[in-house]
Amino acid sequence: MLSFFRRTLGSQLALGLLAVVMLAFIITGVTSRSMSDAGGGARGSGDSIAKVGDHKVYASEAEDRARRELAADSQQQPGLTMPVFVAGGGFDQAVRQLLAAAAMEVFGRDHGLVASKKLVDGAIAGIQAFKGPTGKFDESTFRAVLAQQHISEQQLRSELAGDAIRQQLLLPIAGAARVPLGVATPFASLLLESRAGAVAVVPTQAMAGGKDPTDAELAAWYKSHLPAYTLPERRVLKYALIGRDQVAGGAIPTEADIANFYKANAASYAAKETRTLRQVILDSQAKAQAFADKVKSGTSFAGAAKAAGFGANDIAVGEKTQAQFAGLASPAVAAAAFAAKEDSTTAPAKSDFGWNVVHVDKITRTPAKTLEDARPEIAASLAKQKQDEALADLVNGIEDQLGDGTSFDDIVKKRGLAVTTTPAVLPNGSAPDQPDYKAPAEFAVLAKPAFQTSPDEKPTVQTIGNGERYALLAVTQVLPPTPQPLDKAHDKVARDFSADRAAKRAQAIAEAIAAKVNAGSTLSEAVKGAGVALPDPKKIEVKRIQLAQSQGQIPAGLAALFDMTKPGARAIAAPNGVGWFIVKLDTITPGDAKTAPGLVQSARGQFAQLIGEEYAEQFANAAQAEVGVKRDENAIGKLRAKLLGIAPAQ
């Protein structure tokens, strides 16, 4: 509802501090570094870009933050590259957020705030990415995620400690905002305002035709619209796939491995009997005996249970072994159930819960498996386990080589990896210079890191899919945005020139229609007298709240009704150059918030959130002023140039 206010007034700094401080690394694979020394996290590296209190903030931290923000923005803008992100102000915003976050943590620690180990433990346990199949925290999953994201436990704990301190400061401040009814009520009434009128359209398509453009006209158009015919940045990638193929030959289990596994898991291959059971538990032996006698006399077990007040879910036990059922009931009850015949009911037996009467629905007997019987499945399981371990060792070894400065070419030569080199491609995988090129399936995963990395960065190892495959990835060439020659872009230039000419004619006709309406003509009369066949006008009526709830999806013609201060007509461009609207406003009906008390409360809540964000930003600014933030603009400029892919000025 207030999204249009937030777009203009919302605090990007506060939103960054409140919405990005927790666990972005799980999504993007990068983290910021906490100022905490107690957490034991690794400090940043490279040049210092600022000093916050007595603590230095390093270039690596700012670069991490920028990559995090880029990854987040890429969710809404697929194909967004680091140079475009930086040029659009994203890097500067990331640096401001980083310094503000660091200042908040220093301020909090200076004033006695701490994040205990128990608090950090709780935060880790609550992270969804660390939960296993049972839905609870799983140590193996935790370690695997950290390894995949190249983050140590100490770094994570340091990050979470800093987040906890910032939250202790910011959440009470942001949550303290209150908005009186006197402010929210007029706004709620405004949302209920209704406007009625009509809209007509002048389609650009209806304006097609005219003389073919001359070469001089096309050349002039091309020159004045050069960005439209400029190829975006393209990159040449080379990568080597790493998978089970590279390790399968050395990951074959021996006969001894298979025999040892069979011996260690003998119980799994022994003969087994399971039974599908239902049971009723009653509070006395007499009631249980009466229930059993009723079933024995011919009443179905389910029918007798229903008469006793038990539903189907109440009596279902499912398929169990004797040991499993003994754990649920008692050894005596389980012994009786496993002594009974199929489709029979036991006599009452005592358990800790009462007197149990059990019905045996089905008996399933699984014969024992000999070593020879089990050999294929054991061999396959051990082979996969060995391959998993060998693949992990291979990937870790390659990452160690990268850390030691070994080049891409040396690694693939030593490891015997096959290299794939792409042509100069766009983020979507197309190659403008090779129209027939089709990017392989793995390109979809590799494109994002390839187009977000700086050209001078070392190769990286990327995970493909669910971790069954990896890729050693390097960017070998970056081609900057390049204008296409006019002869290659000729057809598109001609189409664009003709479309622009048609659009200008549509605009002239729409403005003439609006002028006639404002001079006293009806919209229908003005449309009919336009000199070109146009669709009939449509009557419209809409409330402002519909515009607020549409998230920008209401057609421009309807939205324009609320840009007009009094009845009349105006011409506005339709989206995507498809034509022009003529919007005529007839009436404005004020809203009354008294008819919608819930809307007033909703407006109060959303205004309070907006004001809370402003409070948070002002507090963050005050914290920075108190602890002292000294920026090194030269170092920041060098990092900005690095992310843009250019050398900084000397």
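Residues numbered from 1 in each chain as written. Predicted model: local features only at pLDDT ≥ 70, side-chain atom pairs only at ≥ 80, totals over all residues. Heavy atoms only, no water.

## Focus on the overall build of the chain
Helices and strands together make up the secondary structure of the chain, namely 27 helices and 18 strands. Here the chain has a C-alpha radius of gyration of 35 Å; the compact-globule value for 650 residues is 26 Å, and the former is much larger. Structurally, the chain occupies a C-alpha span of about 100 × 70 × 60 Å along its principal axes. A buried classification covers 42% of the 650 residues belonging to the chain. (Helix = DSSP H or I, 4+ residues; strand = E, 2+ residues; numbered from the N terminus. Rg over C-alpha atoms; globule rule 2.2 N^0.38 Å. Buried < 20%, exposed > 50% of the residue type's maximum accessible area, 1.4 Å probe, protein only.)

## Points about unusual backbone geometry
In this structure, Asp343 is a non-glycine residue whose phi angle is positive, near 60 degrees. Mapped onto the elements, Asp343 comes out in the loop between α18 (331–339) and β8 (344–345). Accessibility expressed as a relative area gives 58% for Asp343, which makes it exposed. Located in the positive-phi region is Asn576, a residue other than glycine, with phi close to 60 degrees.

## What about the environment of Ala383?
Mapping Ala383 onto the fold places it in helix α19 (residues 371–403). Judged by its relative accessible area of 15%, Ala383 is buried. In sequence terms Ala383 and Ala494 are 111 residues apart; their C-alpha atoms lie 62 Å from each other.

## Observations regarding the sheet that holds strand β5 (residues 234–242)
Spatially, 4 strands are ordered β11-β5-β13-β12 in an open sheet, and the strand pairing comes out antiparallel. A single partner strand is all that each edge strand has here, and the edge strands are β11 (419–421) and β12 (460–464). Each strand of the sheet is rotated relative to its neighbour by a mean of 30 degrees, with strand direction disregarded. Relative to β12, α19 is tilted by about 150 degrees, and along the sheet it contacts β5, β12 and β13 (469–479). (Pairing = 2+ DSSP bridges. Axes fitted to C-alpha atoms, helices over the stretch in contact; angles between N-to-C directions. Contact = heavy atoms within 4.5 Å.)

## Details of the packing of helix α4 (residues 59–76) against helix α27 (residues 633–644)
Between α4 and α27, whose axes approach to 11 Å, the crossing angle comes to 45 degrees. Looking at the two axes, α4 sits oblique to α27. Note on packing geometry: the crossing formed by α4 with α27 is right-handed. Contacts from Ala59, Ala62, Glu63, Ala66 and Arg67 of α4 reach α27 at Leu639, Lys642 and Leu643. Of the residues contributing to the contact of α4 with α27, the split by class is 5 nonpolar, no polar and 3 charged. (Parallel < 35°, antiparallel > 145°, perpendicular 65-115°, else oblique. Left-handed = near helix turned anticlockwise from the far one by under 90°. Nonpolar A, V, L, I, M, F, W, Y, C, P; charged D, E, K, R; others polar.)

## Digging into the packing of helix α10 (residues 181–191) against helix α26 (residues 597–627)
Relative to each other, α10 and α26 sit at 115 degrees, their axes nearing to 8 Å. By crossing handedness, the relation of α10 to α26 is classed as right-handed. Contact with α10, carried on its side by Leu181, Ala184, Thr185, Phe187, Ala188 and Leu191, involves Leu599, Val600, Gln601, Ala603, Arg604 and Phe607 of α26 and no other residues of that element. Of the residues contributing to the contact of α10 with α26, the split by class is 9 nonpolar, 2 polar and 1 charged.

## Remarks on the pattern of salt bridges
Within this structure, the stated rule accounts for 34 salt bridges. For Arg143, the salt bridge is made with Glu139, and the minimal N-O distance between the two is 2.8 Å. You can see Arg143 and its partner Glu139 sitting in helix α8 (residues 139–149), 4 residues apart, about one turn around the helix. Classification of Arg143 as partly exposed rests on a relative accessible area of 39%. Here the residues in one salt-bridge network are Lys117, Asp121, Glu139, Arg143, Glu153 and Arg157, joined through shared partners. (Salt bridge = Lys/Arg side-chain N within 4 Å of Asp/Glu carboxyl O.)

## Considering the side chain of Thr204
One can find Thr204 in the loop between β3 (194–203) and α11 (215–224). Take Thr204: its relative accessible area is 11%, and that puts it in the buried class. When neighbours within four sequence positions are excluded, Thr204 is seen to be in contact with Ala499, Ala502, Ala503, Ala506, Gly577, Val578 and Gly579.

## A word on the sheet that holds strand β16 (residues 568–573)
Taken together, the 4 strands give an open sheet; going across it, the order is β15-β3-β17-β16, and neighbouring strands pair in antiparallel fashion. Two strands bound the open sheet, and with one partner strand each, they are β15 (538–543) and β16. The average angle at which neighbouring strand axes cross in this sheet is 30 degrees, direction not considered. Both β16 and strand β17 (residues 579–589) contribute to a ladder of 6 bridges, which runs antiparallel. Across the sheet, Gly568 pairs through a bridge with Leu585, a residue of β17.

## With respect to helix α6 (residues 90–110)
Taking 1.5 Å of rise per residue, 21 residues should cover 30 Å, and α6 covers 30 Å from first to last C-alpha, within 8% of that figure. Here α6 lies mainly inside the structure; 17 of its 21 residues are buried. Once α6 finishes, Gly112 follows within two positions and takes phi at roughly 90 degrees, a positive value. (Expected span 1.5 Å × (residues − 1).)

## Quick notes on the confidence of the model for the chain
Considering every residue of the chain, the mean pLDDT works out to 85; 90% of them sit at 70 or more. Throughout residues 1–43 the model reports pLDDT below 50, and contacts reaching past four residues in sequence, or to other chains, amount to 124 contacts. (pLDDT = per-residue confidence, 0-100.)

## Quick word on the nonpolar core
Ile49, Val52, Val57, Phe85, Phe91, Val95 and Leu643 are the most contacted members of the largest nonpolar core, which has 32 residues in total. Contributions of two or more residues to this core are made by β1 (48–52), α4, α5 (82–87), α6, α9 (153–175), α26 and α27. Per-element tally for this core: the top contributor is α6, with 10 residues. Look past the residues within four positions of Ile49 in its chain and what remains in contact with it is Val57, Tyr58, Ala59, Ala62, Val95, Lys630, Arg631, Asp632, Ala635 and Ile636. Core analysis: the second largest hydrophobic core is formed by 20 residues, Ala510, Ile513, Ala571 and Ile582 among them. (Core = buried A, V, L, I, M, F, W, Y, C linked by side-chain atoms within 4.5 Å.)

## What about the side chain of Arg244?
Locating Arg244 in the fold gives a position in the loop between β5 and α12 (255–264). Arg244 sits in the buried class, given a relative accessible area of 17%. Here the side chain of Arg244 touches Glu468 through a polar contact of 2.7 Å, side chain to side chain. Beyond its immediate sequence surroundings of up to four residues, Arg244 is in contact with Lys384, Gln387, Asp388 and Glu468. (Polar contact = N/O pair within 3.5 Å; in protein donor to acceptor, adjacent residues only side chain to side chain.)

## Overview of the pairing of β12
For β12 and β13, the ladder comprises 5 bridges, and the chain directions are antiparallel. Across the sheet, the residue bridging to Gln462 is Ala471, located in β13. The antiparallel hairpin formed by β12 and β13 contains 4 residues in its connecting segment, where Gly465 sits at a positive phi of about 70 degrees.

## Quick notes on the packing of aromatic side chains
Per the counting criterion, the structure on display carries 8 aromatic pairs. Look at Phe291 and Phe301: their rings are 5.4 Å apart centre to centre, the planes differ by 85 degrees, and that puts the pair in the edge-to-face class. Placement of Phe291 in helix α14 (residues 285–296) and of Phe301 in helix α15 (residues 301–307) is noted, with a sequence separation of 10 residues between them. We note that Phe291, like Phe301, is buried. Of the aromatic side chains, those joined through ring pairs into one cluster are Phe130, Phe137 and Phe142. (Phe/Tyr/Trp six-rings, centres within 6.5 Å; stacked < 30°, edge-to-face > 60°.)

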